[in-house]
Amino acid sequence: MPKAVAQKTEHITYEQAIAQTLRQEMDRDPNVFVYGLDVTDHKKIFGSTKGLEKFPEKRFFGTPLSEEAMTGVGLGAALNGLRPVHVHIRVDFLLLAMNQLANMVAPARFGSGGALKAPLVIRAVIGRGWGQAFQHSKSLQSVFAHIPGLQVVMPSSAYDVKGLLASAIRSDNPVVFLEHRWLYWMEGKVPVRSYTIPLGKAKVVRKGKDVTVIATSWMNVEAHKAADILARKQGVDVEIVDPRTIYPFDEETVIASARKTRHVIVADYDWEFCGFSAEVAARISEKCFGILKSPVTRIAFPHTQCATTRPLENEFYPNAVDIIRAIEKKLKLKPTNLKGEEFYSWENRFRGPF
Amino acid sequence: MQKKLFLSFYRKLYLVRRVEERIRDLYGEDEMKTPMHMSRGGEAIAVGVLEAAGKNSQAFGTYRSHALYLAKAQETDEFFAEMYGKATGTAKGKGGSMHIASLEAGLIMTSAVVGTTIPVAVGAALANAYKKNGKLVVSFFGDGALDEGVFWESLNFACLKKLPILFVCEDNDFAIHSRVKERTGHKPIADVVSTFYCHTGESVTTDVHEIYEKTKDIIGKMRVSEMPGFLHFKYYRYLEHVGVNEDFEAGYRSRKEMLSWLERDPVKLQRERLIKIGLEEKEVTAMERRINEQIERSITKAKQAPFPAKSEFKTDVYA
C-alpha cells in the first residue's frame, strides 16, 4: 500500500478559507455562483469573496438590496439546477427575506411531494462590537433551525469553515451559513486542497473529563480561554464540543460527552429564551437525567437588546469569565484568581473611527 | 392551422371549466379537503398565454392555478388525486389545490402567500439565461401582488438583468374583497411598469385568441430586445374568493357587475367561434363528451386511490 501523501497545509484566516472555498467550488462546478449586495466591491464582504473576480459576471455579481426578491431568485435558480451562494453582510438583514425562507425555500421540497430540490446557500455575517447594537448583531440560529427544511451551519474555525462551506454548497438542501465577524481574524492550519466536513457532525475540539462545554460560534473562543485558565489554575479538565451545525444536530456526540463528564454547560451565541441552548439542555436532560451530577447550565444572551455603548454591550455578551464562574459553581471550586489573565477585547483588533 | 389552434384553445378552456364544475358539484361531499380558489371566469388568460409561451416554457402561479395546471399538464388523474389528498396526487396530497404543480409539465410552483412565486420565477429565468437554454418563464399573479414590495423588487431585478421572463397580471379587481382603487396610489399598472426597461401590454378581453396574439406579440419583442415583458389582463372572478359558490349576497359587489362579463364568457365565446368557423355542433359535443369522460374517470380513480402512507408526513423535508 502506498503511503498517504502528506497533506499540504497553510496558515490562513477564516476569511481567507471562505474565499478559497468559494473559488475551489466555483472551479469544480460551473453551476455554482455567488451573489448579493456588494459582494464584488472593493471590500469584498470583509475579504471573503476576494479572488472571485476571475469568474464571469454571471457567476459573481452584486445585486440590488431587495433581500426578499434576491432570496426568491436564489430559490428559482436552484430549482432550475444551479447552486447559488447568496451573501449578506449582516444576519439582521435576512429577516427581510424571512417570507421567502420560511414560506418558499424551506417547504419547496415537501410541498412538491419531493419533486423539487433547493440547493442554495445563504451566507450571513454576525456582527459585534463598536456600536453594532441591536440591528447589526443578531445570530438567529434558533429561528432558522426551528424551520423544517433548512439546515443551519455555524463554523468556528478556519479549518471547519472551509470543509463545511464546501459541504453546504454541495448539499441538495438549503443551508443558512452563519459566520461570526470576529472569527474572520482567526488563523488555522488548513489543507490547500478542497475537502468537505459532513453537515451534522459535532467536533470535540478539546478533550476533557471534568465538565463539558457545548459552545457555538464565537463561544468556542471564550470556552477555550476559560478551559486554559481553569487547567492552569484549578487543574480542571474541560471538554469542549462544538456542534458546528445547529441542524442537523449531532445529538450522539453531545450526549456521549455529557455521559462522560456528567456536568454540562451549553454556551450558545444567541438569546437564551427559546434558544438553541434550551433545545440542547432539554435533550441532554431527557437522555442523561439520572446520571448528571448537576443540572444543565445555560450561558447565552439575556432577554434584552444589545446596546451600542460599550459598558452595556459588555453586560450583554457572556464571556470566558462567565464560563469559568459557572464551572466553579458546578464543581464547587473556590473562585479562580483571574489577575493577570488577558481576555479577548475587540479593541486589540479594531479601533474607530468607523 | 388556425382551426387546430382554435380547437386546442377550446379543449383546454372546456377542460378547466368542466373540472371546476365537477369540483363545485362534489365539494359538498367534503372529501376534497383543500381550500378551492376557482379560476372560473379567468380561464382564457392561462390558456391563451401558455399556448403562446409554448410547451417548453416554465410557469409559476398562485393559489388560484387550476387553469394554469390544466392548460399546462392537460391531465386530470393526478390533479383530482391531489384534490382528494391521495398518494397518487401531484404532490402525494402534501400540496392540494393551493400548491398544484407539475415539474414535468413545466408548472414549477404555485403558492398560497401573495406574490411569493414572482421572485422564484425570476430566479428560474436567471438560470435559463445562465444556461442559455432558450426557455421562457411566465410568472402569473393577481392584482393583489402589485401591493407587495417583492413584485417591484422582482420586476426591477428582471429588467436590470434583462431576463427572459414574462410577467402576467391576472387582474380581477379584488384582493380578497378589496378593490384595486381602494389599494392603489399609482397610475394604471401597465403605465407604471412601462417606465421600467421592459415591454408592456394590456387588455380587457375574454377572447382567448386575442390574449394569445397579444402574448405572441410581446414574446416576439422580448426575443429581439432581450428584455422582460409585462402583460396586464382584466377578468371577472365569477365565484367567491375562496370556495365554490357565488357571493353576491355578501354585498361587496353586485351580480349586475358580472352580467356584462357573462355575455362574453371566455368558454362560450370560443365555442361560438368553433361553430362559426364551420365545426358541427355534434363535433363540439363529441369533444366535450370525451373530456367529460376523462374527468369522470379521474374522479373515480382519485376517490379509489389510497391516502399516502402515514410515514409520508415526515418524508420530503430534506433531499
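Conventions we followed
- Starting afresh in each chain, residues are numbered from 1 along the sequence in its written order.
- Written order determines the labels here, with chains lettered from A and ligands numbered from 1.
- A pLDDT threshold of at least 70 governs which residues receive local features in this predicted model, and a stricter bar of 80 or more applies before side-chain atom pairs are shown or counted, although totals over entire chains, interfaces and linings include all residues.
- Backbone-placed C-beta atoms define the burial measure: a residue is buried with 20 or more other C-beta atoms within 10 Å of its own, exposed with 12 or fewer, and partly exposed in between.
- Helix and strand definitions follow DSSP, with helices as H or I runs of at least four residues and strands as E runs of at least two, each counted in order from the N terminus.
- Two strands qualify as a pair provided DSSP detects at least 2 bridges between them.
- Every axis in this analysis is a line fitted to C-alpha atoms, fitted for helices over the stretch in contact. Angles between the N-to-C directions lie between 0 and 180 degrees.

J.: Got a minute to help me understand the pairing of strand S7 (residues 175-180) of chain A in this structure?
T.: Looking along a regular strand, one sees the side chains alternate between the two faces of the sheet. Residues and elements named next belong to chain A. Burial analysis of S7 places six of its six residues in the buried class, the great majority of the element. Of the two faces of S7, both are covered, the one formed by Val175, Phe177 and Glu179 as well as the one formed by Val176, Leu178 and His180. One ladder, built from six bridges, connects strand S5 (residues 121-126) with S7; its direction is parallel. Among the inter-strand pairings, isoleucine 122 is bridged to a residue of S7, identified as valine 176.

J.: When you look at the sheet that holds strand S12 (residues 245-247) of chain A in this model, what are you seeing that I'm missing?
T.: Pairing between the strands of a sheet comes from backbone hydrogen bonds, and it takes one of two forms, parallel or antiparallel. Residue and element names in this part refer to chain A. Across the sheet, which stays open at both edges, the seven strands sit in the order S3-S2-S4-S5-S7-S6-S12 with mixed pairing between neighbours. Taken across any chain shown, the strands that pair with only one partner, and hence form the sheet edges, are strand S3 (60-61) and S12. Sheet topology note: the strand S4 (residues 83-88)/S5 ladder contains four bridges and is parallel. By the bridge assignment, valine 87 is partnered in S5 with arginine 123.

J.: For this particular structure, what's the right way to read unusual backbone geometry?
T.: Excluding glycine, a negative phi dihedral is what most residues carry, and trans is how most peptide bonds are arranged. Note that the residue after A:Tyr247, namely A:Pro248, is joined by a cis bond; omega there is -5 degrees. Take A:Pro248: it is sitting in the loop between S12 and helix H9 (251-261).

J.: Where do I start with the sheet that holds strand S13 (residues 264-271) of chain A in this structure?
T.: All names here are of chain A. The strand order S9-S11-S10-S13-S14 describes an open sheet built from five strands, whose pairing is mixed. Strands with a single pairing partner mark the edges of an open sheet, and in this sheet they are strand S9 (203-206) and strand S14 (297-301). Sheet twist, expressed as the average angle between the axes of neighbouring strands with direction ignored, equals 25 degrees.

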